[in-house]
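Listed below, chain by chain, are the residues.
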Amino acid sequence: MDGEILRIEGLRVSYRERDRTIRAVDAVDLTLRRGRTLSIVGESGCGKTTIALSILNLLPQAGQIDGGRVLFQGRDLLTLKGDDLRYVRGREISMIFQDPVGGLNPVMAIGAQVSEIVQTHLAVSKKQSQQIMLAALRRQGLSEPERVAVSYPFQLSGGMCQRVMIAIATVLRPQVIIADEPTSALDVTVQAAILHELDELKAELGASIILITHDLGVVAKMADDVAVMYAGRVVEQGATAAIFARPRHPYTAALLDARPRLDDPGRRLRNIPGAPPDLAELSGECAFLPRCVKAVSRCRADRWPPLVDLDAGHAAACYNPVFHPA
């Protein structure tokens, strides 16, 4: 189950903004293994969502892929067009978007939106598509699926809309599910239920999940592997347990130091000084340098450090990684 299913190699993505070029993703390499959850974490604007949109060629008009490959079962998804691309979307790789209400068509009934996916990809009758649609809604814990099917998004709560989004994303039993901040707009109780449902789906479908979030608590609960991003680059990656126990990049250590701890509720939280850089004005040196408490002279003299394996698959891009005594 732990073989590779999706690999991103040297992905570079930029956006044009008037007379500026924003380098949103810069030479990113990632690997998603079968049956596992890879979480991509980092502050807003670090490139997490851009990676997700690039996988399925869903970038907005201002965005463009400048280089790299996205390999899924031997095919480079960045070269697919037309029917080949449409087949992959939904049937083999699906996406759950951040805004559960905005991600649904406001003028189509819920049932019609789910059935449309089924009829687009499967050779079934209208009656069969209705049965598959109702079963998909029922699997997501939506009581009275018949009533939900004739409702419109504005008639449902945020949590119900998110369950509908998950039903749409999983109705064709895809091999890869991309979840972009799937719980950020929901209250804590509904968030816990949605995360539980995603975990059950992984077990039921044998699917692999790319989970995009800024919430380290969600990462600790859901992810098998983690990639930490900063200013468009991966600065640390490895198994979740290893990164939480022994963060090696100063940025990762600072993120973990800024989170509340249930086992130490009286501990003072430490914020990260400064702010992320303007991605249109990167100089080529480590982008975290102005905020880093561990910077050394080499950090100021050399270009952005490469991602180096420090310990059995645990890699960091830092000239002075955090030291953890044995």
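Going by the structure above, here's the rest.
Since the structure is predicted, the reported quantities are computational estimates derived from the model, not experimental observations. Counting restarts for each chain: residues are numbered from 1 in the order of the written sequence. A pLDDT threshold of at least 70 governs which residues receive local features in this predicted model, and a stricter bar of 80 or more applies before side-chain atom pairs are shown or counted, although totals over entire chains, interfaces and linings include all residues. Only hydrogens and water are removed before side-chain values are computed, so all heavy atoms of the structure are retained for them.

1. Side note on the overall build of the chain
(1) Moving on: When helices and strands are counted, the chain shows eleven helices and twelve strands.
(2) Moving on: Throughout, the radius of gyration refers to the C-alpha atoms, and the reference size of a globule is 2.2 Å times the residue count to the power 0.38. The C-alpha radius of gyration of the chain comes to 21 Å, within 12% of the 20 Å expected for a compact globule of 326 residues.
(3) Moving on: The C-alpha extent of the chain, read off along each of the three principal axes, is 70 × 50 × 40 Å.
(4) Moving on: Counting every position in the chain, which comprises 326 residues, the buried fraction comes to 48%.
(5) Moving on: Accessible surface, the chain: about 15800 Å² in total, of which carbon and sulfur atoms supply 51%.
(6) Moving on: Asp and Glu count as negative and Lys and Arg as positive, but His and the ends of the chain are not part of the count. Positions of charges follow a simple convention, taking NZ of Lys, CZ of Arg, CG of Asp or CD of Glu. Computed over 38 positive and 37 negative side-chain charges, the separation of the two mean positions in the chain equals 1 Å. Here a strand is any run of E in DSSP of at least two residues, a helix any run of H or I of at least four, and the numbering for each starts at the N terminus. In this scheme, a residue with accessible area under 20% of its type's maximum is buried, one over 50% is exposed, and one in between is partly exposed, where area comes from a 1.4 Å probe on protein chains only. Accessible surface area values rest on a Shrake-Rupley calculation with a 1.4 Å probe, where residue burial reflects the displayed protein chains alone.

2. Re the environment of R147
(1) Moving on: If you trace the backbone, R147 turns up in helix α5 (residues 145–149).
(2) Moving on: Taking relative accessible area as the criterion, R147 reaches 39% and is therefore assigned partly exposed.

3. Observations concerning empty space enclosed by the protein
A water-sized probe, rolled over the atoms, reveals where empty space remains.
(1) Moving on: Cavities and pockets are defined on a 1 Å grid built over the protein atoms alone: a cavity is a set of grid points where a 1.4 Å probe fits but cannot escape, while a pocket is an open set with protein on both sides within 12 Å along at least five of seven lines, and lining residues are those with an atom within 4 Å of any such point. Grid points are joined across faces, edges and corners, and a volume is the space filled by probe spheres set on the points. As enumerated under the stated definition, the model contains three cavities of 30 Å³ or more in all.
(2) Moving on: Quantified by volume, the largest cavity comes out at close to 90 Å³.
(3) Moving on: The wall of the largest cavity is formed by 14 residues, among which C286, C292, C299, C318 and Y319 lie closest to the centre.
(4) Moving on: Note on residue categories: nonpolar means Ala, Val, Leu, Ile, Met, Phe, Trp, Tyr, Cys or Pro, charged means Asp, Glu, Lys or Arg, and polar means any other residue, Gly included. Broken down by class, the residue content of the lining of the largest cavity amounts to eleven nonpolar, two polar and one charged.
(5) Moving on: The calculated volume of the second largest cavity comes to roughly 60 Å³.
(6) Moving on: Lining the second largest cavity, in full, are V41, L216, V219, V226, V228, I243, F244, T252, L255 and L256.
(7) Moving on: Looking at the lining of the second largest cavity, its residues break down into nine nonpolar, one polar and no charged.

4. What about the packing of aromatic side chains?
(1) Moving on: Centre distance within 6.5 Å is the pairing criterion for rings of Phe, Tyr and Trp, where only the six-membered ring of Trp is used; planes under 30 degrees apart are then read as stacked, over 60 as edge-to-face, and the remainder as tilted. Per the stated rule, a full pass over the model turns up four aromatic pairs.
(2) Moving on: For the ring pair Y152 and F154, a centre distance of 6.3 Å and an interplane angle of 20° mean the geometry is stacked.
(3) Moving on: Taking the relative accessible area as the measure of exposure, F154 reaches 65% and is therefore exposed.
(4) Moving on: An aromatic cluster of three or more residues is present, and its members are Y230, Y251 and F288.

5. Description of the sheet that holds strand β5 (residues 75–76)
(1) Moving on: Criterion used throughout: strands pair if DSSP finds at least two bridges between them. Spatial strand order, β2-β1-β4-β5: four strands in an open sheet with antiparallel pairing. In the strand order of this sheet, the two ends are held by β2 (20–33) and β5, each with one partner.
(2) Moving on: In terms of strand pairing, strand β1 (residues 4–17) meets strand β4 (residues 63–72) through eight bridges, oriented antiparallel. Residue pairing across strands places R12 opposite G67, the latter belonging to β4.
(3) Moving on: Each of β1, β2 and β4 is contacted by helix α1 (residues 48–55), which is oriented at about 110° to β1, the strand it contacts most. In what follows, a contact means two residues having at least one pair of non-hydrogen atoms within 4.5 Å. Geometry is summarised by axes, namely lines fitted to C-alpha atoms with helices restricted to the contacting stretch, and by angles between N-to-C directions that run from 0 to 180 degrees.

6. Observations concerning the environment of L122
(1) Moving on: Structurally, L122 is set in the loop between α3 (110–121) and α4 (126–139).
(2) Moving on: Residue L122 is classed as partly exposed on the basis of its relative accessible area of 24%.
(3) Moving on: C-alpha of L122 to C-alpha of L172: the two residues are 50 residues apart in sequence and 8.6 Å apart in space.
(4) Moving on: If sequence neighbours within four positions are ignored, L122 has contacts with R91, I132 and L172.

7. Regarding the pattern of salt bridges
Any two side chains of opposite charge can pair if their charged atoms end up close together.
(1) Moving on: Just to be clear on terms, a salt bridge is a Lys or Arg side-chain nitrogen sitting within 4 Å of an Asp or Glu carboxyl oxygen. Tallied over the entire structure, the rule returns 18 salt bridges.
(2) Moving on: A salt bridge links R173 to E204, with the nearest nitrogen and oxygen atoms 3.7 Å apart. Highlighted residues: R173 in the loop between α6 (158–170) and β7 (176–180) and E204 in helix α7 (residues 188–205), separated in sequence by 31 residues.
(3) Moving on: The class of R173 is partly exposed, set by a relative accessible area of 46%.
(4) Moving on: With relative accessibility at 43%, the residue E204 sits in the partly exposed group.
(5) Moving on: Salt bridges sharing common partners tie together E4, R7, E9 and R69.

8. Quick word on the nonpolar core
Nonpolar side chains tend toward joint burial in soluble globular proteins.
(1) Moving on: One finds L6, L30, I51, I55, L77, I93 and I178 to be the most contacted residues of the largest nonpolar core, which totals 62 residues.
(2) Moving on: When sequence neighbours within four positions are dropped, the list of residues in contact with I178 reads A52, I55, L56, I93, S94, M95, I96, I210 and I212.
(3) Moving on: For our purposes a nonpolar core is just a set of buried Ala, Val, Leu, Ile, Met, Phe, Trp, Tyr and Cys residues, chained together by side-chain atoms within 4.5 Å. If you look at the next biggest cluster of nonpolar residues, it comprises 35 residues, including A136, V164, A167 and L211.

9. Observations regarding the pairing of strand β8 (residues 208–213)
(1) Moving on: Of all the six residues making up β8, six are buried; the element is thus mostly covered by neighbouring parts of the structure.
(2) Moving on: On β8, burial covers both faces: S208, I210 and I212 on one face and I209, L211 and T213 on the other are all buried.
(3) Moving on: Two elements, strand β3 (residues 37–41) and β8, share five bridges in a ladder whose sense is parallel. From the neighbouring strand, V41 faces β8, where its bridge partner is T213.

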